[in-house]
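Chain by chain, the residues run as shown.
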Protein chains: 4
Amino acid sequence: MLFERIESKGLAHYSYIIGDGNQAVVIDPRRDCGVYMDMAAEGGYQIKYIMETHRNEDYIIGSVELAARCGAEIWHADAELDYQYGKPSEDGQTWSIGSLELKVICTPGHTPGSMSYLLHDSAGIPWIVFTGDALFAGDIGRVDLPGLDLMDEMAGLLYDSLFNKLLPLGDDVIVCPGHGSGSVCGTAIASRPMTTIGIERKNNPKLRYTDKAEFVEKMAVELERPPYFRMMEKLNLEGAPVLGNLPSPPPLSPDKFAEMAENAIVLDTRTETGFGAAHVPDSKAIWLKGVPSFAGWFLTYDKPILLVNETNNPETVVRMLIRIGFDNIAGYLYNEMHEWFMSGKETQSIKLVEVHDLCHLLDDRKKAWILDVRSEEEIESARITDAHNIHLTQLPERIDEVPKDKPVYVFCGSGLRSMVAASFLQNNGWDNVAVILGGLAGWSSITCPVKIKE
Amino acid sequence: MLFERIESKGLAHYSYIIGDGNQAVVIDPRRDCGVYMDMAAEGGYQIKYIMETHRNEDYIIGSVELAARCGAEIWHADAELDYQYGKPSEDGQTWSIGSLELKVICTPGHTPGSMSYLLHDSAGIPWIVFTGDALFAGDIGRVDLPGLDLMDEMAGLLYDSLFNKLLPLGDDVIVCPGHGSGSVCGTAIASRPMTTIGIERKNNPKLRYTDKAEFVEKMAVELERPPYFRMMEKLNLEGAPVLGNLPSPPPLSPDKFAEMAENAIVLDTRTETGFGAAHVPDSKAIWLKGVPSFAGWFLTYDKPILLVNETNNPETVVRMLIRIGFDNIAGYLYNEMHEWFMSGKETQSIKLVEVHDLCHLLDDRKKAWILDVRSEEEIESARITDAHNIHLTQLPERIDEVPKDKPVYVFCGSGLRSMVAASFLQNNGWDNVAVILGGLAGWSSITCPVKIKE
Amino acid sequence: MLFERIESKGLAHYSYIIGDGNQAVVIDPRRDCGVYMDMAAEGGYQIKYIMETHRNEDYIIGSVELAARCGAEIWHADAELDYQYGKPSEDGQTWSIGSLELKVICTPGHTPGSMSYLLHDSAGIPWIVFTGDALFAGDIGRVDLPGLDLMDEMAGLLYDSLFNKLLPLGDDVIVCPGHGSGSVCGTAIASRPMTTIGIERKNNPKLRYTDKAEFVEKMAVELERPPYFRMMEKLNLEGAPVLGNLPSPPPLSPDKFAEMAENAIVLDTRTETGFGAAHVPDSKAIWLKGVPSFAGWFLTYDKPILLVNETNNPETVVRMLIRIGFDNIAGYLYNEMHEWFMSGKETQSIKLVEVHDLCHLLDDRKKAWILDVRSEEEIESARITDAHNIHLTQLPERIDEVPKDKPVYVFCGSGLRSMVAASFLQNNGWDNVAVILGGLAGWSSITCPVKIKE
Amino acid sequence: MLFERIESKGLAHYSYIIGDGNQAVVIDPRRDCGVYMDMAAEGGYQIKYIMETHRNEDYIIGSVELAARCGAEIWHADAELDYQYGKPSEDGQTWSIGSLELKVICTPGHTPGSMSYLLHDSAGIPWIVFTGDALFAGDIGRVDLPGLDLMDEMAGLLYDSLFNKLLPLGDDVIVCPGHGSGSVCGTAIASRPMTTIGIERKNNPKLRYTDKAEFVEKMAVELERPPYFRMMEKLNLEGAPVLGNLPSPPPLSPDKFAEMAENAIVLDTRTETGFGAAHVPDSKAIWLKGVPSFAGWFLTYDKPILLVNETNNPETVVRMLIRIGFDNIAGYLYNEMHEWFMSGKETQSIKLVEVHDLCHLLDDRKKAWILDVRSEEEIESARITDAHNIHLTQLPERIDEVPKDKPVYVFCGSGLRSMVAASFLQNNGWDNVAVILGGLAGWSSITCPVKIKE
């Protein structure tokens, strides 16, 4: 049989393909769905069903795209929503995949009609439950997305789903959730990509609240919501446009690129050194692997996107962008910045500071302003003396807290997110911004008067 | 600089990409045009121009597809035709590609407005002429396609193009034609994929007719015209639909396949042994590498196509089919015939005969009928005693010459084309047909009373 | 973090790579170990440790090969054996991989010093136990391999390992075994590629014997042992030769192939139709996906191997063969059988029978002999009237039971294993052998006087 | 038939594969010879012969490697040299490849026994001559390599080869040389990758010297000889070690890398921006595509090489290095500089200057020193006022001309070679060196008081 977890890196989105006999089912596919087609073809399976655990809000679900390519049936959760494709699955409904059986369990809370799918093996043993965003490793689904006024109600539903539906499946059932560590769909998802009911029952901090009222009180909280969520919610009801295949944005000469850039967003995915050294004026830095996590916070859907990347093959970036609906990619700068330099066009740069040099730069602390863009959790584990903390995703709202008249030294864990922050500051008029190469990791490994509190 | 000849195997179609500085031009692109994009990206070139040598009739030109992906300008020949895309090039017009220069030379005859393109290198030396279908290695373009009534006129035009435009370029100029050996666009193209003016002047048998009247008389002849040519001509004026990428036909179960096959053409591209042993009833055999040459003769555009192939990846067949406009590919039988056998569905077979067994099978020649589907040229070089010759492409018209009441033994050069013929006979009700494995090549290597005349 | 199960298809061998921070560990790598290098490089991990769960006997472990390529430390189990590489791990020893911890648990029984590895996640939670061949899904390791005289002792050790070491880890711990369904290392491994302690405690039929004496009595049984096991055991102590990369056997012309075949084994991995229709005389049929399971039964190490395969790229077969030590691959027939036919060389064939034709062929049952090569378990679920049952792997020993003076019709589940049997019979002088296309699956789907008992 | 030119970029080395029937020949293969195997397999050809045009000195010929993989015969030129492999070809000897014929023509001069190979097509027409390093497009082979005392003699031999052997073949014969533009084997090879006898007879500046005495006088000159040539000459007689496949250097942690770097050469192939911003101390910069051209000048064979590259896949660099015998590649820094920064290790940087900023930096010309590392030919076409010219390859010998007490601004055509020079200066103790991004191309496109003389 076939059982594979397919991770969309950065989004920490997990989808699954299960095959037996010559049939297969895909749970929560992503939009660039060739991977499922290839796995099925390689093993000799036909994808018969596509199951959605809920109306997702953090990525475009690939159901419509995949169905268009392989003819599978789409079954979705949240039946009360106004879907323009697929069929609603009902509590208790079952499907056969070869000798396996998949049974739906209604587990609302994260969304009003979230579904979990319990897979029985060929001997009828309850084996794996696919919990979507109801239950994660070490965390549970957030309940604030349907609306702040509904939070208490949703939390109550989720309590029932967890304590009365999922935990009773038994400690020995494997749990395959919809997201892993790093997803914005949970606040503290553990790094176990798969888990069991038993491990969660014993260790999941959110499941300690066995009292429903206390659970609701603790869980009904508002969390960060990236601006792109609204677009995902809309497209996941309508069904996102079928792409057929990955778009292939054309290569652009510096002249053409510069001309088009006047009405476009320039996204530069090169390394921190490359971007820091020189970039197209007003471009936005997000290092390649950071695109899934930060594009939704710093890009918008109202303009075409132009790419600066390290090779003449933008496929990886394009793949990441279309997963969250940035389909309007108008081209990429060919031959990278090298061609730009040769055309004599102007550039901008961001100062890069090595940790060894930082010590004396900070001698006069009054003159410098340290910005730490790490999250609260990270800051709690290691704090930089005198640093100002603004989490990267809050920077757009709190940018006015950053002074323009002092050198700003931006810290993160390793130097990657700092560059996102630094470029955002530069885009908004700050001109004395520096990124600490290696970030806190580098900083921690040298000795310097500027202490880190652990 | 970049200079590559890209061959579409089977069609023997040659396209070219030339790059210098950071610009590139593509001459006569094919429809699955990713290859040009990749070569350009790899070398750091941008495709700026797409040039057509003439309105092609034997494949779908990829100009529109490629332009949609890279934004290049399309320049076409045959300016008097009613194109729905691109711009017409004019005699003498020039384009720069980096330090190179491309100059158009009007060379009508094969079509009313065929163009050749003369490439000058960076020192201004006339270097290569891209002659499209005006001049091939060892052959010249046919003149019967614009119409039988225009043949004399076209032959006269071609005479002028060859003797007054191309030969005067000088013996030392390299000739890069639009087709190589095996193309249906010439009757006897030599196997040199590139040649020179001098080599052709001295050796091309068609250029011996230096007297114009004699040239016209000899050249104005009607040649075979595959049925799909009309469709190509139409699509190459309209601009074929933009595919974006190769279509991905879905895998089909035997049940679904059988159901759809009732209103579809089943194309089986497996080897002669696989097809002979067992195949889906009423399917058409064309071995994989033979698809470009024979699909246009044996398939039609009025029904969807279903595929039986050796792997669960039909990409190669799909690529071959869309090059000649068979875009309507409805699916493929997954897990090949193996799945079909397991479903208990009926099959057909074609008898396979080893050359060693053939001798005694032919003992009583009155009872057997030998069909040789090779071309006249091949038959002239080695003839099988008592064989009946019907060239494979003429079989549809001449099928009634084949008896139904005798065993029919089909010969070709190697056993591949025989199977195309045998399956066509079987499709049409002949039920005692056998294919000689190894064909004449195998037959020639053994001794047997049935002689081959050389 | 990185967590992937890598399956070697056919062997049903599972290896694992786990990465965290920037370090990774590989458990029971296979010999063609590029896959681990690629996964590690892609995710930015360095492979620091290679762990062996036991001295394997059914495939060549890739520890030495992988260590040669990435410099990782090898830790092996079965410390008392005379290893020529690596270091022995000790009960209770731990290793860190980023924030994860791997701890060894001595679980002898399958081999004298088998080890399991318990992975704790970054919060210290016991998460996954890698049990090698001690505990499978639905089965346990066989105890007959160390020697029939030691079976009782080994069974006793295994009882303790299972009931006193592994089950006490708790129902909620995930179990990742060394093999899945289809492996010769268990008799009835379930199709769950991963499982939990709880699922096994409740459902594993071998764990019902909670009484040690009864357990020993039931488990201490001799099972089939493929002839290649001895070679694996030897190479896994010595360390198999480092290949560097996959061997690239050269293409051979029919003449060269025929010449070399006189002192070689010819392995033909084409489909049942292709092989049945025509093959090189005396060649052995094993369909491509069947090579891992049957090469060890039907090939020997004393001669070079020559390949007949469907493409001019033998990589997949080579990969399968070197996993079980068939490194001496002398070449492959280029252009497949087609070239052989053209050279006029003789061939053999095996009769292929469609299920629809079988009915009347069997009218006179006295004249036909039906051989069913399926396993006992398969036969129990569906029996063919009057069929003679010899499991494929027993055919070499029991070949004399098959009559030479009657037509032999070979059945299996789908027609694949039948061809292995048929070619083995043909190699040994049987000349009236036929394979039933589609096997029992096809047969079951039609109606015919010859009944199947279910 | 098959005819392909395979270019090894950077070395501008051309090799060729020609196939017909089912046989193929390779002329002057490169060491990473999988490309020929793949092309042959794809087309159904067997490589039967490997021909060498001469004992090469600028790359490792792949004859031995390729023969080890496909069993082809090796025929070499320079028969009087002490080869340890292959057989010498003799003037006039012929080989058949299908219906083609290859005939050797002795054309000494570049080396004492250089051979050209004249290919006749299937009709016996002299079609293409493979001239190795005897005749290039626009240039001829250098004659100084066998020894300065032999230059006159070699020039005389070359005269005879060119004027009495090659030119008499006729204007219409296509010339396929061993190198293209950019090779160090000629001083001014034209950018035509293929040419004809006629084009060369009319346009090749070296063929203007029809008087033998004058030819010898003009041609017998000493040219630059990269230090790695001696190693190539040695290995091309001995036969370089058979690699089997590309080496896979292991990934290294910053700690391990730093430790090994003490006795190794660190080669950094990142872009000019990445290297300029921060690099491992004492590393040598050669941008990726520049490695084939400059590794032989700046690396040595006495120490292992460590790589810093942009991805975790060093295959491209490895391929380039082994082509010129740098087989001892000890590893690469995984996760690129990012991991280095996080480890808190020190870095060096090189100042990067945008052309717009350069103007005012040069205001006080007395304080700055401009180094132009372009070649004489390039400088002649556009000269920078007050720049000091030292061609990059001469920098090691002339480094003392560069002042240490002034800022040194390094120019080249585009900014790539400048960084090679700047890193070499930094390695040797210069600490105030800057690279002009975009080089002369960028500089030319802006207006600035510092004029360029054209």
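Because the structure is predicted, anything quoted here is derived from the model rather than measured. (Residues numbered from 1 in each chain as written. Chains lettered and ligands numbered in written order. Predicted model: local features only at pLDDT ≥ 70, side-chain atom pairs only at ≥ 80, totals over all residues. Heavy atoms only, no water.)

As for the pairing of strand S10 (residues 126–132) of chain A
Residue and element names in this part refer to chain A.
Next, step 1: The buried fraction of S10 is high, at six of seven residues.
Next, step 2: Remark: five residues form the turn of the hairpin made by strand S9 (residues 115–120) and S10, two consecutive strands paired antiparallel; Gly 124 in that turn has positive phi of roughly 85°.
Next, step 3: With four bridges joining them, S10 and strand S13 (residues 174–177) adopt parallel strand pairing. In the strand pairing of S13, Gly 132 is matched with Pro 177. (Buried < 20%, exposed > 50% of the residue type's maximum accessible area, 1.4 Å probe, protein only. Helix = DSSP H or I, 4+ residues; strand = E, 2+ residues; numbered from the N terminus. Pairing = 2+ DSSP bridges.)

Observations concerning the relation of the copies chain D and chain A
Next, step 1: Each copy superposes on the other: chain D lies on chain A with an RMSD of 0.0 Å after a rotation of 180° and an axial shift of 0.0 Å. Expressed as a symmetry operation, the mapping of one chain copy onto the other fits a two-fold axis. Ranked by how close their C-alpha atoms come to the rotation axis, the residues of chain D are headed by D:Gly274, at 2.4 Å.
Next, step 2: A share of 100% of interface residues in chain D that are also interface residues in chain A marks the association as one of identical surfaces. (Least-squares fit on C-alpha atoms with pLDDT ≥ 70 in both. Contact = heavy atoms within 4.5 Å.)

Some thoughts on the layout of surface pockets
Next, step 1: The calculated volume of the second largest pocket comes to roughly 760 Å³.
Next, step 2: Taken together, 31 residues form the lining of the second largest pocket, with A:Ala277, A:Ser349, A:Lys351, D:Lys351 and D:Leu352 sitting closest to its centre.
Next, step 3: Contributions of two or more residues to the lining of the second largest pocket are made by helix H8 (272–277), strand S20 (351–353) and helix H12 (355–361) of chain A together with helix H8 (272–277), strand S20 (351–353) and helix H12 (355–361) of chain D.
Next, step 4: In terms of residue count, the dominant contributor to the lining of the second largest pocket is H12(D) (four residues).
Next, step 5: Considered class by class, the residues forming the lining of the second largest pocket number 14 nonpolar, 10 polar and seven charged. (1 Å grid on protein atoms, 1.4 Å probe; cavity = no way out; pocket = protein on both sides within 12 Å on 5 of 7 lines; lining within 4 Å. Points joined across faces, edges and corners; volume = space filled by probe spheres on them. Nonpolar A, V, L, I, M, F, W, Y, C, P; charged D, E, K, R; others polar.)

Section: the nonpolar core
Soluble, globular proteins show a tendency: their nonpolar side chains are buried together.
Next, step 1: D:Ile47, D:Leu321 and D:Leu371 are the most contacted members of the largest nonpolar core, which totals 96 residues.
Next, step 2: Here this core gets seven residues from one element, more than from any other, and that element is helix H15 (residues 416–427) of chain D.
Next, step 3: Apart from the residues lying within four places of it in its own chain, the contact partners of D:Leu371 are D:His388, D:Ile390, D:Leu395, D:Val402, D:Val408, D:Tyr409, D:Val410, D:Phe411 and D:Leu425.
Next, step 4: Residues A:Val26, A:Ile265, A:Leu321 and A:Ala421 belong to the second largest nonpolar core, which totals 79 residues. (Core = buried A, V, L, I, M, F, W, Y, C linked by side-chain atoms within 4.5 Å.)

With respect to the pairing of strand S19 (residues 329–333) of chain C
Regular strands place their side chains on alternate faces of the sheet.
All names here are of chain C.
Next, step 1: The buried fraction of S19 amounts to five of the five residues, a majority that puts the element mostly inside the structure.
Next, step 2: Note: strand S15 (residues 251–252) against S19, two bridges, orientation parallel. In the sheet register, Pro 251 faces S19, and the bridge partner there is Tyr 332.
Next, step 3: As paired strands, strand S18 (residues 305–308) and S19 are joined by three bridges and run parallel to one another. Looking at the pairing, Ile 305 lines up with Ile 329 of S19.

Observations concerning the domain arrangement of chain A
Residues and elements named next belong to chain A.
Next, step 1: The domain boundaries assigned to chain A delineate domain 1 (2–238), domain 2 (251–342) and domain 3 (351–452).
Next, step 2: Computed from C-alpha coordinates alone, the two centres of domain 1 and domain 2 are separated by 32 Å.
Next, step 3: Contact residues are listed per partner, giving 17 residues for domain 1 and 11 residues for domain 2.
Next, step 4: A per-residue breakdown of the area domain 1 buries against domain 2 is headed by Arg 31, Asp 32 and Tyr 228, which together make up 37% of the total.
Next, step 5: Counting across the domain 1 and domain 2 interface gives three salt bridges.
Next, step 6: Salt-bridge contacts for Asp 32 lead to Arg 319; the nearest nitrogen and oxygen are separated by 2.8 Å.
Next, step 7: Counting across the domain 1 and domain 2 interface gives six residue pairs in polar contact (both at pLDDT 80 or more). (Domains from an automatic or database assignment. Buried area = accessible area lost by both parts, 1.4 Å probe. Salt bridge = Lys/Arg side-chain N within 4 Å of Asp/Glu carboxyl O. Polar contact = N/O pair within 3.5 Å; in protein donor to acceptor, adjacent residues only side chain to side chain.)

Looking at the packing of helix H1 (residues 34–43) of chain B against helix H2 (residues 63–70) of chain B
All names here are of chain B.
Next, step 1: The contact between H1 and H2 brings their axes to 10 Å, and the two run at 40°. By the angle between their axes, H1 is oblique relative to H2. Both H1 and H2 take part in a crossing whose hand is right-handed. Contacts between H1 and H2 involve Gly 34, Tyr 36 and Met 37 from the former and Leu 66, Arg 69 and Cys 70 from the latter.
Next, step 2: Broken down by class, the residue content of the contact of H1 with H2 amounts to four nonpolar, one polar and one charged. (Axes fitted to C-alpha atoms, helices over the stretch in contact; angles between N-to-C directions. Parallel < 35°, antiparallel > 145°, perpendicular 65-115°, else oblique. Left-handed = near helix turned anticlockwise from the far one by under 90°.)

Things to note about the interface of chain D and chain A
Next, step 1: Each side of the interface is counted separately: chain D has 28 residues, and chain A has 28 residues.
Next, step 2: Counting the surface lost from both chain D and chain A, the interface buries some 2,100 Å², and carbon and sulfur atoms represent 59% of this.
Next, step 3: Together, D:His338, D:Phe341 and D:Met342 form the three largest contributors to the area buried by chain D at its contact with chain A, with a combined 24%.
Next, step 4: Viewed at the interface, chain A and chain D are joined by zero salt bridges.
Next, step 5: Taken together, chain D and chain A are joined by 14 residue pairs in polar contact (both at pLDDT 80 or more).
Next, step 6: Looking at the side of chain D that touches chain A, the elements that each hand over two or more residues are H8, helix H11 (336–342), H12 and helix H16 (439–444) of chain D.
Next, step 7: Among the residues forming the side of chain D that touches chain A, the class breakdown is 10 nonpolar, 12 polar and six charged.

Considerations on the side chain of B:Arg55
Residues and elements named next belong to chain B.
Next, step 1: Here Arg 55 is to be found in the loop between strand S4 (46–51) and H2.
Next, step 2: No salt bridge forms around the buried Arg 55; measuring N to O, its nearest opposite-charge neighbour Glu 233 is 4.4 Å away.
Next, step 3: Residues contacting Arg 55, with those up to four places away along its chain left out, are Asp 78, Leu 81, Tyr 83, Thr 111, Glu 233, Asn 236 and Leu 237. (Lys, Arg positive; Asp, Glu negative; His and termini not counted.)

Details of the relation of the copies chain C and chain A
Next, step 1: Expressed as a screw operation, the relation of chain C to chain A combines 0.0 Å of axial shift with a rotation of 180°, fitting to an RMSD of 0.0 Å.
Next, step 2: Comparing interface residues between copies, 100% of those in chain C also sit at the interface in chain A, which points to an isologous, same-surface contact.

As for the sheet that holds strand S7 (residues 94–97) of chain C
Residues and elements named next belong to chain C.
Next, step 1: Read from one edge of the open sheet, six strands run S7-S8-S9-S10-S13-S14, paired in mixed fashion. If you trace the sheet from one side to the other, it starts and ends with S7 and strand S14 (195–196), each paired once.
Next, step 2: By the bridge criterion, four bridges tie S7 to strand S8 (residues 100–106) in an arrangement that is antiparallel. Bridge pairing in S8 places Thr 94 opposite Lys 103.
Next, step 3: Relative to the sheet, helix H3 (residues 151–166) contacts S8, strand S9 (115–120) and strand S10 (126–132), its axis offset from that of S8 by approximately 140°.

A look at the interface of chain C and chain A
Accessible area lost on assembly of the parts is the figure often given for the size of an interface.
Next, step 1: Facing 27 residues of chain C, the contacting portion of chain A comprises 27 residues.
Next, step 2: Each partner contributes to the roughly 2,400 Å² buried at the junction of chain C and chain A, and carbon and sulfur atoms together form 55% of this total.
Next, step 3: Our count for the contact surface shared by chain C and chain A stands at four salt bridges.
Next, step 4: A:Arg192 is paired through a salt bridge with C:Asp121; the nearest N and O atoms lie 2.5 Å apart.
Next, step 5: Seen at the junction of chain C and chain A, the total is 14 residue pairs in polar contact (both at pLDDT 80 or more).
Next, step 6: Those elements that provide at least two residues to the side of chain C that touches chain A are strand S1 (2–8), helix H1 (34–43), S10, strand S13 (174–177), S14 and helix H4 (197–203) of chain C.
Next, step 7: A total of four residues in the side of chain C that touches chain A trace back to one element, the largest contributor, which is H4(C).
Next, step 8: Residue composition of the side of chain C that touches chain A, grouped by class: 11 nonpolar, seven polar and nine charged.

A few points about the packing of aromatic side chains
Next, step 1: What the rule picks out here adds up to 64 aromatic pairs over all chains.
Next, step 2: Following the ring pairs from residue to residue traces out a cluster consisting of A:Phe3, A:Tyr16, A:Trp127 and A:Phe130.
Next, step 3: Directly above the ring of C:Trp430 sits C:Lys404, whose terminal nitrogen or CZ lies 4.5 Å from the centroid. (Phe/Tyr/Trp six-rings, centres within 6.5 Å; stacked < 30°, edge-to-face > 60°. Lys NZ or Arg CZ within 6 Å of the ring centre and 35° of its normal.)

Structural notes on the sheet that holds S15(C)
Residue and element names in this part refer to chain C.
Next, step 1: Reading across the sheet, the five strands line up as S15-S19-S18-S16-S17 and stay open at both edges, with parallel pairing between neighbours. What marks the edges here is a single partner per strand, and that holds for S15 and strand S17 (284–285).
Next, step 2: Strands in contact with helix H10 (residues 315–322) are strand S16 (265–268), S18 and S19; relative to S18, the strand with the most contacts, it is inclined by about 145°.

Brief notes about helix H5 (residues 212–219) of chain D
All names here are of chain D.
Next, step 1: Here H5 has its buried residues at Phe 215, Val 216 and Met 219. For H5, the buried positions fall inside an angular range of 95° around the axis, keeping them on one side. Among the exposed residues of H5, those oriented more than 90 degrees off its buried face are Ala 213 and Glu 217.
Next, step 2: Residues of H5 that are buried in the fold lie against strand S12 (139–140) and helix H3 (151–166). (Arc of directions from axis to C-beta.)

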